[in-house]
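Letter by letter, the chains look like this.
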Amino acid sequence: CQASTDTHDTSFRKDDLPAHGVSEVIVGVLGGGQLGRMLCQAASEMAIKVMVLDPLANCPASAIAYDHMVGSFDDSATVQEFAKRCGVLTVEIEHVDAATMEKLEQQGVDCQPKASTIRIIQDKYLQKVHFSGHGIPLPDFVQIDDLEGAKRAGDLFGYPLMLKSKRLAYDGRGNAVAKSEEELSSAVNALGGFDRGLYVEKWTPFVKELAVIVARGRDNSISCYPVVETIHKENICHIVKAPAAIPWKIRKLATDVAHKAVSSLEGAGVFAVELFLTKDGQILLNEVAPRPHNSGHHTIEACYTSQFEQHLRAVLGLPLGDPSMKTPAAIMYNLLGEDEGEPGFHLAHQLIGRALNIQGASVHWYDKPEMRKQRKMGHITFTGPSMGIVEARLKSMLKEEGSESR
Ligand code: ATP
Ligand code: MG
Ligand code: MG
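Computed from a predicted structure; not experimentally measured.

Participant: Help me understand the overall build of the protein chain, please; the structure alone is not making it clear to me.
Facilitator: Secondary structure assignment for the protein chain yields 12 helices and 17 strands. In terms of overall size, the protein chain behaves like a compact globule, its C-alpha atoms giving a radius of gyration of 21 Å where 406 residues would be expected to give roughly 22 Å. Dimensions of the protein chain, computed from C-alpha atoms along their principal axes, come out at roughly 65 × 60 × 45 Å. Counting the 406 residues in the protein chain, one finds 56% classified as buried. For the protein chain, contacts bridging at least 24 residues in sequence account for 62% of all contacts bridging at least 6. Taken as a whole, the protein chain presents about 17,200 Å² of accessible surface, with 50% of it coming from carbon and sulfur. Put simply, the protein chain has 43 plus and 51 minus side-chain charges, and the middle of one group is 3 Å from the middle of the other.

Participant: Teacher, can you tell me more about the site of ligand 1 here?
Facilitator: Near ligand 1, the surroundings consist of 20 residues, among which Lys-164, Asp-171, Gly-172, Glu-209 and Asn-235 are the closest. With respect to ligand 1, the backbone of Thr-204 contributes an N or O atom lying 2.9 Å from a nitrogen atom. Protein coverage of the free-state accessible area of ligand 1, which is 610 Å², stands at 94%. Counting residues per element, the ones that place at least two in the shell around ligand 1 are strand 6 (161-165), strand 8 (198-202), strand 13 (269-277) and strand 14 (283-289). A per-class count over the shell around ligand 1 returns six nonpolar, six polar and eight charged.

Participant: Please clarify how helix 3 (residues 98-106) should be interpreted in this entry.
Facilitator: Among the residues of helix 3, Ala-98, Thr-100, Met-101 and Leu-104 are the ones counted as buried. Buried residues along helix 3 cover an arc of 155° about the axis, so they all sit on one side. Buried residues along helix 3 sit in contact with strand 1 (27-30), helix 2 (76-84), strand 4 (88-91) and helix 4 (115-122).

Participant: Would you take a moment to explain the coordination of the magnesium ion (ligand 3) for this structure?
Facilitator: A metal bound by six donors in octahedral fashion has ideal angles of 90 or 180 degrees, whereas one bound by four tetrahedral donors has an ideal angle of 109.5 degrees. Around the magnesium ion (ligand 3), the protein contributes the donor atoms Glu-274 (OE), Glu-274 (OE) and Glu-287 (OE), at 2.0 to 2.8 Å from the metal centre. A spacing of 3.7 Å is found between the magnesium ion (ligand 3) and the magnesium ion (ligand 2), which share Glu-287 as a donor. You can see Glu-274 sitting in strand 13 and its partner Glu-287 sitting in strand 14, a full 13 residues away along the chain. Like Glu-274, the residue Glu-287 is buried in the burial classification.

Participant: What is the right way to look at unusual backbone geometry in this model?
Facilitator: In this structure, Pro-160 follows Tyr-159 across a cis peptide bond, with omega equal to -5°. Relative to the assigned elements, Pro-160 resides in the loop between helix 6 (147-157) and strand 6. You will see that Leu-168, though not glycine, has its phi angle at about 55°, which is positive. Mapped onto the secondary structure, Leu-168 falls in the loop between strand 6 and strand 7 (175-178). Among the residues examined, Leu-168 registers a relative accessible area of 56% and is labelled exposed. In this structure, Asp-171 is a non-glycine residue whose phi angle is positive, near 50°. By secondary structure assignment, the location of Asp-171 is in the loop between strand 6 and strand 7. On the basis of relative accessible area, Asp-171 is assigned to the buried category, the value being 19%.

Participant: Before we go on, may I ask you to explain the sheet that holds strand 2 (residues 50-54) in this structure?
Facilitator: Consider a sheet: its strands pair through backbone hydrogen bonds, and that pairing is either parallel or antiparallel. Strand order in the open sheet formed by four strands is 3-2-1-4, and the pairing between neighbours is parallel. Whereas interior strands pair on both sides, the edge strands pair on one side only; in this sheet they are strand 3 (67-70) and strand 4. When strand polarity is set aside, the average angle formed by the axes of neighbouring strands in this sheet is 25°. Taken together, the four bridges between strand 2 and strand 3 define a ladder with parallel strand orientation.

Participant: What is the right way to read the sheet that holds strand 8 from this model?
Facilitator: Taken in spatial order, the four strands make up an open sheet running 5-8-6-7, and their pairing is antiparallel. The open sheet has two edge strands with one neighbour each: strand 5 (141-144) and strand 7. Going from strand to strand, the sheet's axes swing by 30° on average, the running direction of each strand aside. Where strand 6 and strand 8 come together, five bridges link them in antiparallel fashion. Residue Ser-165 lies in a different strand from strand 8, and its bridge partner there is Leu-198. Helix-sheet contacts for helix 6 involve strand 5, strand 6 and strand 8, and the interaxial angle to strand 5 is about 165°.

Participant: I tried to follow the packing of helix 1 (residues 34-45) against helix 10 (residues 307-316) on my own but got confused; where do I start?
Facilitator: Any two packed helices are characterised by the angle at which their axes cross and by the distance between the axes. The geometry of helix 1 relative to helix 10 is characterised by a closest axis approach of 8 Å and an angle of 75° between their N-to-C directions. With respect to their mutual orientation, helix 1 and helix 10 come out roughly perpendicular. Here Leu-35, Met-38, Leu-39, Ala-42 and Ala-43 of helix 1 come into contact with helix 10, specifically with Phe-308, Glu-309, His-311 and Leu-312. The residue makeup of the contact of helix 1 with helix 10, split by class, is seven nonpolar, one polar and one charged.

Participant: Help me out: how do you make sense of the pattern of salt bridges in this one?
Facilitator: If the charged atoms of two oppositely charged side chains come close together, the side chains can form a pair. A complete count under the given rule lists 13 salt bridges for this structure. Residues Glu-102 and Arg-119 are paired through a salt bridge, measuring 2.7 Å at the closest nitrogen-oxygen approach. Placement of the pair is Glu-102 in helix 3 and Arg-119 in helix 4, with a sequence separation of 17 residues. In this structure Glu-102 comes out as partly exposed when scored by relative accessible area, which is 24%. The partner of Glu-391 in a salt bridge is Lys-241, with the nearest N and O atoms 2.8 Å apart. Within this pair, whereas Glu-391 is found in helix 12 (residues 387-398), its partner Lys-241 is found in strand 12 (residues 236-242), the two being separated by 150 residues in sequence. Ionic contacts of the salt-bridge type, sharing partners, join the residues Lys-128, Lys-164 and Glu-201 into one network.

Participant: What's the story with the confidence of the model for the protein chain in this structure? I'm lost.
Facilitator: For any part of a model where pLDDT is low, the fine detail of the predicted coordinates should not be relied upon. Averaged over every residue, the pLDDT of the protein chain is 93; residues scoring 70 or more account for 96%. A low-confidence stretch, residues 2-7 stays under pLDDT 50, and its non-local contacts, those more than four residues away or across chains, total 14 contacts. For the stretch residues 401-406, pLDDT sits under 50, and the model shows 12 contacts to residues farther than four places along the chain or on other chains. Overall fold confidence (pTM) sits at 0.95, and the ipTM for the predicted complex is 0.98.

Reading the values: rules and limits
Residues numbered from 1 in each chain as written. Chains lettered and ligands numbered in written order. Predicted model: local features only at pLDDT ≥ 70, side-chain atom pairs only at ≥ 80, totals over all residues. Heavy atoms only, no water. Helix = DSSP H or I, 4+ residues; strand = E, 2+ residues; numbered from the N terminus. Rg over C-alpha atoms; globule rule 2.2 N^0.38 Å. Buried < 20%, exposed > 50% of the residue type's maximum accessible area, 1.4 Å probe, protein only. Contact = heavy atoms within 4.5 Å. Areas by Shrake-Rupley, 256 points an atom, 1.4 Å probe, with all protein chains shown as cover. Lys, Arg positive; Asp, Glu negative; His and termini not counted. Charge placed at Lys NZ, Arg CZ, Asp CG, Glu CD. Near = heavy atom within 4 Å. Polar contact = N/O pair within 3.5 Å; in protein donor to acceptor, adjacent residues only side chain to side chain. Nonpolar A, V, L, I, M, F, W, Y, C, P; charged D, E, K, R; others polar. Arc of directions from axis to C-beta. Donors = N, O, S within 2.8 Å, 3.2 Å for Na, K, Ca; no water. Pairing = 2+ DSSP bridges. Axes fitted to C-alpha atoms, helices over the stretch in contact; angles between N-to-C directions. Parallel < 35°, antiparallel > 145°, perpendicular 65-115°, else oblique. Salt bridge = Lys/Arg side-chain N within 4 Å of Asp/Glu carboxyl O. pLDDT = per-residue confidence, 0-100.

Structure (structure tokens):
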């Protein structure tokens, strides 16, 4: 897969379209958070109908969805009821009921990506076993069942040691670092104990974190977005720079690893492949998300086809769009909750107020009902003619020295 230069499937004919519009198929999305909301926004441009299933009556997607069923995406009966109303079932979160999706598939429900993919990805340990079995380079990892096992892993991999929950992990909640053997038991406790299902990963002293959004069509065609750099703050994605400032060889290697990882999974949709770049130029896979992802938000303004439109095209069997960038450079800055309640809203609104005065800045606010510390409340994308200029635009919002504003 060559980023941005894929030839798209040309076998799709206009006769494949319905008599009116782009698609009559209702897309059902498990989850109605910000990713669901942005899927609905992309869908509205083509008058595609997206229904969401989310327990929160005022979830971010609710106001824009064609329909919102209030209920849990982790409850079998609810998911089955929801599936009856949709033509194709997809996800904006991987922590859904995979067993129900498998059952639905057996009954003929069209799930994209496939339930097998969700099952593999939602258990990070299983995900690692799967990718290592497919020859994808990863940090060394091993399951731990008790403190003795954790100590053995520490002896093997050294310290610091990364402990991870197998399931229900997001935004680093599910990771704990032990700097020495003495810290192992507190790290295990911080993750809720061995009963939660834990494993460890060798610490990777990466020089950069990279990500590639990979789209896969129903005909198995694969198209990769340009490689981006992701910068995390306390384990949470905070800034994304597109394209990543890396040599051509690394770009190719990262794209090849991402392509190979996604090829090993089943079903259509977009996937985000998180990668580590090491000092000696190796690319190691961190994890894959089977859905649109924070590392692809800039694609809304910066690429010909956004990751959200691409996901809809993929699951509906439409031709994949052009993933290449239409602006030379972009930076995405996440608005993370800095404080609980009103003070947090106030700080976010200060940044938004400044961003609205900056050239090339696009403000996204997810309208989450509650402000919480470290919660993703919105994001701002800066586009411009060079990385230097978009960096200056970001700085001017953050009011740092050497900033540029309109
Ligand atoms: P996400 O919100 O991306 O789903 P997550 O909770 O699944 O996050 P990870 O992606 O496993 O968490 O880890 C979060 C961050 O922690 C990574 O982006 C990276 O910065 C750091 N990290 C994870 N694994 C390692 C490792 N083995 N060595 C060093 N740093 C790591
Ligand atoms: Mg994750
Ligand atoms: Mg991650």
